[in-house]
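Residue-level structural notes
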Amino acid sequence: MRLLGAVLAGGRATRFGSDKALAALGGRALIDHAIASLTPFCETIVVVGRATAPVPCIPDLPRPDLGPLGGIAGALAYAADHGFDAVLTTACDTPFLPDEVIAALRAAAPAYAAEAPTVGLWPTPLGEPLLAHLRADQPRAIRRWADSVGATAVLPGVVLSNINTPADLTDLSSSRP
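Side note on the sheet that holds strand β5 (residues 57-58)
Hydrogen bonds between backbone groups are what pair the strands of a sheet, and the pairing can be parallel or antiparallel. Strand order in the open sheet formed by seven strands is β5-β4-β1-β6-β8-β7-β9, with mixed pairing between adjacent strands. Because the sheet does not close on itself, it has two edges, and the strands there are β5 and β9 (152-154). Looking at chain direction, strand β1 (residues 3-8) and strand β6 (residues 86-91) are connected through six bridges and run parallel. Bridged to Val7 within β6 is Thr90. Sitting on the sheet, helix α1 (residues 30-38) touches β1, β4 (44-48) and β6, and the angle it makes with β1 is about 160°.

What to know about the nonpolar core
With 29 residues, the main nonpolar core has Val7, Ile31, Leu88, Leu105 and Val119 as its most contacted residues. Elements that contribute at least two residues to this core include exactly β1, α1, β4, β6, α3 (99-108), β7 (111-113) and β8 (116-123). Setting aside residues no more than four positions away along its own chain, Val119 makes contact with Thr89, Thr90, Thr94, Leu97, Val101, Leu105, Tyr112, Ala113 and Leu160. Leu8, Val46, Ala75 and Ala146 belong to the second-largest nonpolar core, a separate cluster that totals 25 residues.

Topic: the packing of aromatic side chains
The relation between two aromatic rings is expressed through the spacing of the ring centres and the mutual angle of the planes. Overall, the coordinates contain two aromatic pairs when judged by the stated rule. Judged by centre distance (5.5 Å) and plane angle (50°), the ring pair of Trp122 and Trp145 falls under tilted. Of the two residues, Trp122 is situated in strand β8 and Trp145 in helix α5 (residues 142-148); the sequence distance between them amounts to 23 residues. There is no split in this pair, since Trp122 and Trp145 are both buried.

Rules used in this analysis
Residues numbered from 1 in each chain as written. Predicted model: local features only at pLDDT ≥ 70, side-chain atom pairs only at ≥ 80, totals over all residues. Heavy atoms only, no water. Pairing = 2+ DSSP bridges. Helix = DSSP H or I, 4+ residues; strand = E, 2+ residues; numbered from the N terminus. Contact = heavy atoms within 4.5 Å. Axes fitted to C-alpha atoms, helices over the stretch in contact; angles between N-to-C directions. Core = buried A, V, L, I, M, F, W, Y, C linked by side-chain atoms within 4.5 Å. Buried < 20%, exposed > 50% of the residue type's maximum accessible area, 1.4 Å probe, protein only. Phe/Tyr/Trp six-rings, centres within 6.5 Å; stacked < 30°, edge-to-face > 60°.

This is the structure we're talking about:
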């Protein structure tokens, strides 16, 4: 299976107060951690919703400011245009993906992490239905859309590191060696 890795990075970071993707954790930007978390599993990595990154950047679809679903739609369109079978997504504020999460996603695709729905494995054919959903101005909650297409929520209760505020970053920095 050809997997495209996609880091969702189009958010406004209003709770964080600055460009969250560039915030440092252990001397590296959060976006670099997210890219590294996908690299062992994916042939190619892209960043969705940003103008600059250390890997190719692609736009949200069908337009910016649709939240993570717009990022997933952009990644699925890119995947379809470039011959990928599926997209493995994470958010720029989710710096680490345990192997057990990837294994569970692969076993259940389409699937998403129950406690972090930006982390998911989305077969490329879901791109057109997602674009139709967004163009029809349907609710933009990942879980709601994912449930509507039969995606499985995997590993309920397994909480992934997620940075929403400067305090979250401080807490994660102090808890990691």
